[in-house]
Amino acid sequence: MRIFTAALATETNTFSPICIDRRAFEESLYAPPGQHPATPTLCTAPITVGRKVCAEKGWTLIEGTAAWADPAGLINRQAYEGLRDEILDQLRAAMPVDAVVMGLHGAMVADGYLDPEGDLLTRIREIIGPDVLLCAELDPHSHLTAKRVAAANFFVVFKEFPHTDFVDRAEDLWRIAVDTLEGRVTPVMSVFDCRMIDVFPTSREPMRSFVDNLKRIEASDDDVLSLSVIHGFMAGDVPEMGTKLIAVTNGKPEKGAALARDLGLDLFSKRGTFMMPSIDEKQAVTKALEIATGPVVIADMWDNPGGGTAGDATVVLEELLARGVENVAIGLIWDPIAVQICMAAGEGAEIPLRFGAKSAPGTGNPVDGIVKVVKLQSNAEMKFGDSIAPFGDAAHIHYRGIDIILGSVRVQSYDPSLFTALGVDPLAKRILVIKSTNHFYAAFSKIASEILYCSAGTPYPNNPATNPYRRVRRDIWPIMADPHASEAA
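Nothing here was measured: the structure is a model prediction, and the numbers come from that model.

**Student:** Where do I start with the sheet that holds strand 16 (residues 431-434) in this structure?
**Tutor:** Spatially, eight strands are ordered 12-13-14-15-11-16-10-17 in an open sheet, and the strand pairing comes out mixed. The sheet is open, and its two edges are formed by strand 12 (350-355) and strand 17 (450-454), each paired on a single side. Across this sheet, the average inter-strand angle for adjacent strands is 30 degrees, counted without regard to direction. Here strand 11 (residues 328-334) runs beside strand 15 (residues 402-407); their pairing, made up of five bridges, is parallel. When the bridges of strand 15 are listed, Val 328 appears paired with Ile 402. This element, helix 11 (residues 336-345), spans strand 11, strand 12, strand 13 (367-384), strand 14 (387-399) and strand 15 of the sheet and lies at about 170 degrees to strand 12.

Here it is, written out as C-alpha cells:
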C-alpha cells in the first residue's frame, strides 16, 4: 500500500485582529516532507501515528508538508494558497496512492475562503478520484461543512476537551483506514446537525458522561466504527458554524443516521448546562485571597490565544495591582516588543517597561512601571500532553510582588512548565493567573488548590446570542430558542 499524509491546520477567530501569514506557521510548526519531529502537535498526530502503522504493515508512507499556526484571525490568502498548493503538488508527485490520511483542524478561514478545509479536501478528491480512501482527523472546535463531508470518506474527531486524546484519535483514524484498505469494513459517515452552539468541556458534567457513553457504544456495537461530536467554534463567523454529531458505521447509513440523530438531540436537550460557571476579575481575586492554601489558579478564560485572541489582556493583572496582592505568577502575556526590550537589557536589569494590552479594545490598559528582568530564555517551550508548545523568546519580569512571563509567540497556558521554563516555581505561589479556557485543566488541576474561571474584559466573542455575526445562520440555539420545535410538532 502507498499512503499519502500531510497536515494543514489552524483555528480562525474571525473577530481577532491578529492576522496570520506564512511566518505564523513557520513560528509554530512548518515541517517539509519527512522533517516532522517524532513528537506530534495537536493536529499532526496522523503523521507520527502513520509512521508507526505503515512501518508495522510494511506499507509506504509518503509524507507531505505539515503546517500548524497557533489560533488567530484571518489567514493571508497567499499563505493559505501557497501551503495548500505545496501539499497538492506533493500528492500529485506521489500518485498513485491507495489512501490519503490528513491532519486538519477544521476552523480555518482565509481571505477569499470561508471553507479552506472544504476547498483542500475537494481538490484532493479531484486528484485521487472517487475510489481512493480519503479521511482526516479534526479538532472538535471546527465547522463541519457539507463540502467536507462530500469529499471525505470519514472523519475522526478528538473526543476530549481539553484535547488530551489527539494521539488516541489518530490511532482510531488509522485503525479504520487499515481495516478499510484490507477489506474488513466499509466506512459510511452519517451527520446530524444539532442546530446549536455551546462550549462542551469534558472535565465536568454533563459532557463527561456523554463522551463516556459514546465510547461505550463504540466498544459494544460492531456496526459502529466511530462516534464524534463537532462542538463548533463560536468565534468563527461562517455560514455552517454549529454543533454536529458524526456516526461512522460499517456500511449501515440508516443506522448511523438514526444514532447520530438520537445522540444529537440528547446533546441539544442539555444545552446551556455544559459551560463551567465564571466570575469577573474582582470576584476572582477576592475569592482567591479567601482560600488558605495555594496555588489558586485563576483562568483568564476568554483571553485565550487558543481561541485566537492576542493573549495580552491586563484586566486581571490590573485588579491584582490595585489591591496590592503579591506572591502571584502570571503566564503568559504576549508582548514581543517588551520581550525584545528585556532581551536587550539583560538578566538582572531594572528598567522602565510598558507591556500588555496592545492588541484590541476590551483588554485593559498597558502596564507601565520599573520592572526587574529576572530570567531570559530563547526559544522557550512548555509541555502539552505528548506535545511541545513553543512560545518563542521569553522574559520573566518581576513587578510589585508579581512574577510575569512575557512571550513573543502567542500560545495559551497549557502546563505549569510554562513557569518552570522561566525559573518560576508554580507550587510556591499563592495565585497563578493563566490564559486558557479549558486546555490548562489536565495539567494545572494536578497542582491547584482550587480553579477559578474568570471572565475578564471582552477580548473574545463569548456570547453567541449577541455576537455581531454577519454570516452565521440564525436558526441555531441560542440565537433561536428552539430550532427543533417545528420538527417535534
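**Student:** Would you take a moment to explain empty space enclosed by the protein for this structure?
**Tutor:** Rolling a probe over the atoms, with the probe sized like a water molecule, indicates the empty space that remains. A complete count under the given rule lists three cavities of 30 Å³ or more for this structure. In this structure, the largest cavity encloses a volume near 330 Å³. What lines the largest cavity is a set of 27 residues, and nearest its centre among them are Glu 11, His 141, Phe 161, Phe 233 and Gly 306. For the lining of the largest cavity, the per-class residue count stands at 13 nonpolar, 11 polar and three charged. There is about 40 Å³ of room inside the second largest cavity. Taken together, Asp 300, Ala 313, Thr 314, Val 316, Leu 317, Ile 330, Ile 333, Val 433 and Lys 435 form the lining of the second largest cavity.

**Student:** Can you walk me through the layout of surface pockets in this structure?
**Tutor:** Put simply, the largest pocket is a space of about 310 Å³. In terms of residues, the lining of the largest pocket owes the most to one element, helix 1 (residues 22-28), which gives four residues. Class assignment for the residues of the lining of the largest pocket results in seven nonpolar, two polar and five charged. If you trace the second largest pocket, you find 17 residues lining it, with Thr 41, Ser 387, Ile 388, Ala 389 and Pro 390 closest to the centre.

Quick notes on the rules
In this convention, every chain numbers its residues from 1, walking through the sequence in written order. Since the coordinates come from a predicted model, pLDDT governs what is reported: local features require at least 70, and pairs of side-chain atoms require 80 or more to be given and counted, while whole-chain, interface and lining totals use all residues. The basis for every side-chain value is the complete set of non-hydrogen atoms in the structure, without hydrogens or water. Any two strands between which DSSP finds at least two bridges are classified as paired. Going along the chain from the N terminus, every DSSP run of H or I of four or more residues is numbered as a helix, and every run of E of two or more is numbered as a strand. In this description, a line fitted to the C-alpha atoms serves as the axis of each element, helices being fitted only across the stretch in contact, and the angle between N-to-C directions of two axes falls anywhere from 0 to 180 degrees. Contacts are assigned to residue pairs that have any heavy atoms within 4.5 Å of one another. The pocket and cavity definitions rest on a 1 Å grid over protein atoms only: a 1.4 Å probe that fits but cannot leave marks a cavity, an open set with protein on both sides within 12 Å along at least five of seven lines marks a pocket, and residues lining either have an atom within 4 Å of a point. Grid points are joined across faces, edges and corners, and a volume is the space filled by probe spheres set on the points. Amino acids outside the nonpolar list (Ala, Val, Leu, Ile, Met, Phe, Trp, Tyr, Cys, Pro) and the charged list (Asp, Glu, Lys, Arg) are all regarded as polar, and Gly is one of them.

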